[in-house]
Amino acid sequence: MAPSIDRMVSIMIALLFLCLGAEAVDRSNFKTCDQSSFCKRQRELMPGQSPYRALLDTLELSDSRITLQLINDNNKVRLLLELYRLQGNMTRIKINELKPLKPRYEVPDVLLNDPPTEPMTLVAQDVNSVVLSLGVDEQRVIVNARPFRLDIVEGPKVLLSLNSRGLLAFEHLRLRKDTISHKITSTVGSMWDSIKSVFSSKHDTDAEDGGGSDNAELPDDEDGQTVKEEEDKPGMWEETFKTHSDSKPNGPTSISLDFSFPGVEHLYGIPEHADTLKLKNTDGGEPYRLYNLDVFQYELNNLMALYGAVPVIISHNTERTMGVFWLNAAESWVDISSSTSGKTVFGKMMDFVQGSNEAPQTDVRWISESGIIDVFFMSGPRPNDVFAQYASLTGTQAFPALATLGYHQCRWNYNDQEDVKAVDEGFDEHDIPYDFIWLDIEHTDGKRYFTWDPNKFSQPKEMLQGLMDKRRKMVAIVDPHIKVDSGYSIHNEIRSKGFYVKNKDGGDYEGWCWPGNSGYPDFTNPEMRAWWASKFAYDQYTGSMENLFTWNDMNEPSVFNGPEVTMHKDAMHGNWEHRDVHNIYGIYVQRATAEGQIQRSGGTERPFVLTRAFFAGSQRYGAVWTGDNAAEWGHLKISIPMCLSLGLVGISFCGADVGGFFKHPSTELLVRWYQAGAYQPFFRAHAHLDTPRREPWLFGPDNTALIREAIRQRYTLLPYWYQLFYNAYRTGQPVMRPLWVEYPEDPDTFAIEDEYLLGKDLLVHPVTEEGAKGVTAFLPGKGEVWYDVHTFQKHKGAQNLYIPVTMSSIPVFQRGGSIISRKDRVRRSSACMENDPYTLYVALSPQGTAEGEIYIDDFHTFKFETDKQFIHRRLHFSDNALSSSNLAPDSQFTTASWIEKVVIMGASRPTSVSLTTADGTKTALEFEFDSAASVLTLRKPGVNAGADWTVFLV
């Protein structure tokens, strides 16, 4: 296809989507539960009518697990329940068909490994129940036989109940009745004959123990009752949405299970939704949907599915935090019902006055289209325990290179190399630091990824070298839809190797995306992923260099002419339908890309890959962002709970497009968004090609100064950000976290979503209201104090504090009792600051103590892990002495950075200050004391940041 035609196709596609997304998402393009037949069927089931019974005489107990059969008393299909006690205070429960006609999909590659198990013991058993010991804090599993119910208890308290509402439902694989009764075609005759033969013999002998239920002569069950014949319902064997047909060759395969959390009113998690942090009650409305979709300009406060899906719910009350991980990659829906959700404040007060003993309870129901039930219960009991438990299953946040925590400048699209150079020089001219400039799809040769436009980007290495000379980097987009073009080597190789996803008839699946007609590589195939990774080698990706990194967009996958703008569910990935693997397609794309970046460096350099689609475990491979938002105040506000939700389920490296992707922000909104984005983990400005240019210096000198200051604040805090990400990598704790994580016993924190903590020591309350003259921040912690980081003014905890604001205000507070390291010399990029000195900000607690850390390595390689090349030190203040001690005595690393200044908030005036080093050398230090602010400043301690030392205040 000629380049001019390529451009015409791209323009037509862009115009089409501009029309569709000009105002807001067209909801009619996406299914509701009623339009998703399996969701509708499952939701029609009524609580309290479970047909499932546990056959206790089938129980088998080994060192690592118990197995137990369940039977559906209506159709006599048997299920196999497996229960594992896992190390780290977790329980795993799997339910599958005992004798399926063919294997059902079980999600691979998301778990780090087979979770290690611990032995269980049988405590008691009778005809109605079984009690097993989990060996931790009097934890027990109680299995009741009829109807089947499983409770996990600790002492007298029920922590979690399964099937307490009787909503377990498992649509078993079966043969279609009209298929059995009609003549088998010659094409599939032998296959169906063999299945039918097996099926018939199974019906003759095994109807009671798990055979199908489609035989005309239905057997009696053990009580002499006739097995109920199951009726076919609409959508079980084929389904149509708009003009798209779903053939469903395996028939109905959906699963459902309910969980009850006694004593719990607050649930969080299951991103991604543009909604509140606390999950809402869905009674009488739509459930939360988990199905990765390309949703153009999504609506706010809506439970519609967005780009990613992490099937993890976290429950919390004043006594305990717990989690449930539903490991299933198919389309899923989540219903939430709370016993107190419908009550007004007055109603709750009346309950209290009248002595109502109704305990709160929240019920959750998971519904998935296919696969098996594979669920992990993480029993906490503290928030950090749940984070560690989940991290032990799916991994921690990848430790990013320092530069990726700086500021990123992006738009769709920078026009050419001269444009890139001009923007880069603009940052220097206006003294604004940045680390990455980004290129969207227009940089390629006709949307052929791994290529460059020969006219606009004819010398990519020259462009990249120019950035490298300034110690800056670039990100270029590489999407997983491949232009079908016989002159494109990437397409030819994928086709020749058979690596494309197939359609239901066995040919290569094709759909429309940015290049026009596109093929979709099958990233579930490890051979395909290895080949993709090899394409990032410098001799394969022409024009690439070590400072070029990658953005994987559209990897839900996005198919413009597909059902719900994604791939047909009956497309094939090897032996599995797309319906089985849909939600893990995106993580496989990001994984293959990250592995390619690591391989190109010989395994030494940390990768950077931004992904739009994600799943559980995506944290291991890079960063995510909240997708195609809009330049509206509501989108700025919603970015906070969206990123908080992601952090709670392991994905800390999250951000939103600063300024909004669609539309054009007012200068006030743009400034406020920069101020908020500077305090979120991933900090990138991005804009649609149809919007006016938005470089930070285009809105007048006053606004340029405000944006510059926000970005500079980000850069001064890079040592703290880096330390937080190191901690997230080591422990799984979120970088950006809700207040309740650090104050789990304070109900006043449970629903707060307009402010948050970075680590445990910085509290941020961005200004997100247009024309705001003030904000009210809740400062948590009875008996604690918080210091305004700009004025050093001290405030008591456990109060709502009104803060007057101007356009320069970014309300941020440091917790009393903490020490935070900063670099106050801001240069043009993070790499230029690597050897600069540190300033320590010591915020004293009411008891006159403080704790902190400092972490240093080479900021970009894996040597911190492979060769123990890092510095990790404890900073401690008590009894008027500040000391630095080594937390990693086995590590080997040196730094040129030194301690330039120490600022102590909440201090008293000393008569003298001295520094003692490890060799016993004692030096007097200059100091200044601000009596009005109670701030003591120590000038030029001059000690190396990796050394042992103590400062004494006398």
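Our subject is the structure listed above.
The following refers to the structure shown. (Residues numbered from 1 in each chain as written. Predicted model: local features only at pLDDT ≥ 70, side-chain atom pairs only at ≥ 80, totals over all residues. Heavy atoms only, no water.)

### Section: the sheet that holds strand E16 (residues 312–316)
Then, number 1: One open sheet accounts for eight strands, arranged E1-E2-E3-E4-E20-E17-E16-E14; its pairing is antiparallel. This sheet does not close on itself; its edge strands, each paired only once, are strand E1 (52–61) and strand E14 (266–269). Along the sheet, successive strands turn relative to each other by an average axial angle of 20 degrees, direction set aside.
Then, number 2: The pairing of strand E4 (residues 90–97) with strand E20 (residues 373–378) spans six bridges and is classified as antiparallel. Across the sheet, residue Lys 94 finds its bridge partner in E20, namely Asp 374.
Then, number 3: In this fold helix H6 (residues 383–394) packs onto strand E3 (78–86), E4, E16, strand E17 (321–326) and E20, with an angle of close to 25 degrees to the strand it touches most, E17. (Pairing = 2+ DSSP bridges. Helix = DSSP H or I, 4+ residues; strand = E, 2+ residues; numbered from the N terminus. Axes fitted to C-alpha atoms, helices over the stretch in contact; angles between N-to-C directions. Contact = heavy atoms within 4.5 Å.)

### Some points on the side chain of Asn 302
Then, number 1: Along the chain, the position of Asn 302 falls in the loop between strand E15 (288–290) and E16.
Then, number 2: Setting aside chain neighbours within four positions, we find Asn 302 in contact with Arg 27, His 273, Ala 274 and Asp 275.

### Remarks on the nonpolar core
Then, number 1: Judged by nonpolar contacts, the single largest core of 208 residues is most densely connected at Phe 325, Trp 532, Ile 584, Tyr 674, Leu 758 and Ile 904.
Then, number 2: Beyond its immediate stretch of four places on either side in the chain, Ile 904 contacts Val 842, Leu 844, Phe 877, Ser 934, Val 935, Leu 936, Leu 938 and Leu 953.
Then, number 3: Membership of the second largest hydrophobic core comes to 50 residues, among which are Val 143, Phe 261, Tyr 288 and Ile 336. (Core = buried A, V, L, I, M, F, W, Y, C linked by side-chain atoms within 4.5 Å. Buried < 20%, exposed > 50% of the residue type's maximum accessible area, 1.4 Å probe, protein only.)

### Focus: the side chain of Asn 328
Then, number 1: Take Asn 328: it is sitting in the loop between E17 and strand E18 (332–338).
Then, number 2: Residue classification places Asn 328 among the buried positions, given a relative accessible area of 4%.
Then, number 3: A distance of 2.9 Å separates the side chain of Asn 328 from the backbone nitrogen of Ala 330, its partner in a polar contact.
Then, number 4: There is a polar contact of 2.9 Å between the side chain of Asn 328 and the backbone oxygen of Ser 370.
Then, number 5: Ignoring anything within four residues of it in the chain, the contact list for Asn 328 reads Val 107, Ile 255, Pro 311, Ser 368, Ser 370, Gly 371, Ile 372 and Phe 615. (Polar contact = N/O pair within 3.5 Å; in protein donor to acceptor, adjacent residues only side chain to side chain.)

### Section: the pattern of salt bridges
Then, number 1: Scanning all chains against the criterion turns up 60 salt bridges.
Then, number 2: With a closest N to O distance of 2.7 Å, Glu 299 and Arg 27 form a salt bridge. One end of the pair, Glu 299, is in the loop between E15 and E16; the other, Arg 27, is in the loop between helix H1 (3–21) and helix H2 (37–43), with 272 residues separating them in the sequence.
Then, number 3: A relative accessible area of 24% places Glu 299 in the partly exposed class.
Then, number 4: For Asp 363, the salt bridge goes to Arg 165, with nearest N and O atoms at 3.9 Å. (Salt bridge = Lys/Arg side-chain N within 4 Å of Asp/Glu carboxyl O.)

### Some details on the sheet that holds strand E26 (residues 516–519)
Then, number 1: Reading across the sheet, the three strands line up as E24-E26-E25 and stay open at both edges, with antiparallel pairing between neighbours. Either end of the sheet is taken by a strand with one partner, and the two such strands are strand E24 (482–483) and strand E25 (510–513).
Then, number 2: Across two bridges, the pairing between E24 and E26 is antiparallel. The partner of Lys 483 across the bridge, within E26, is Ser 518.

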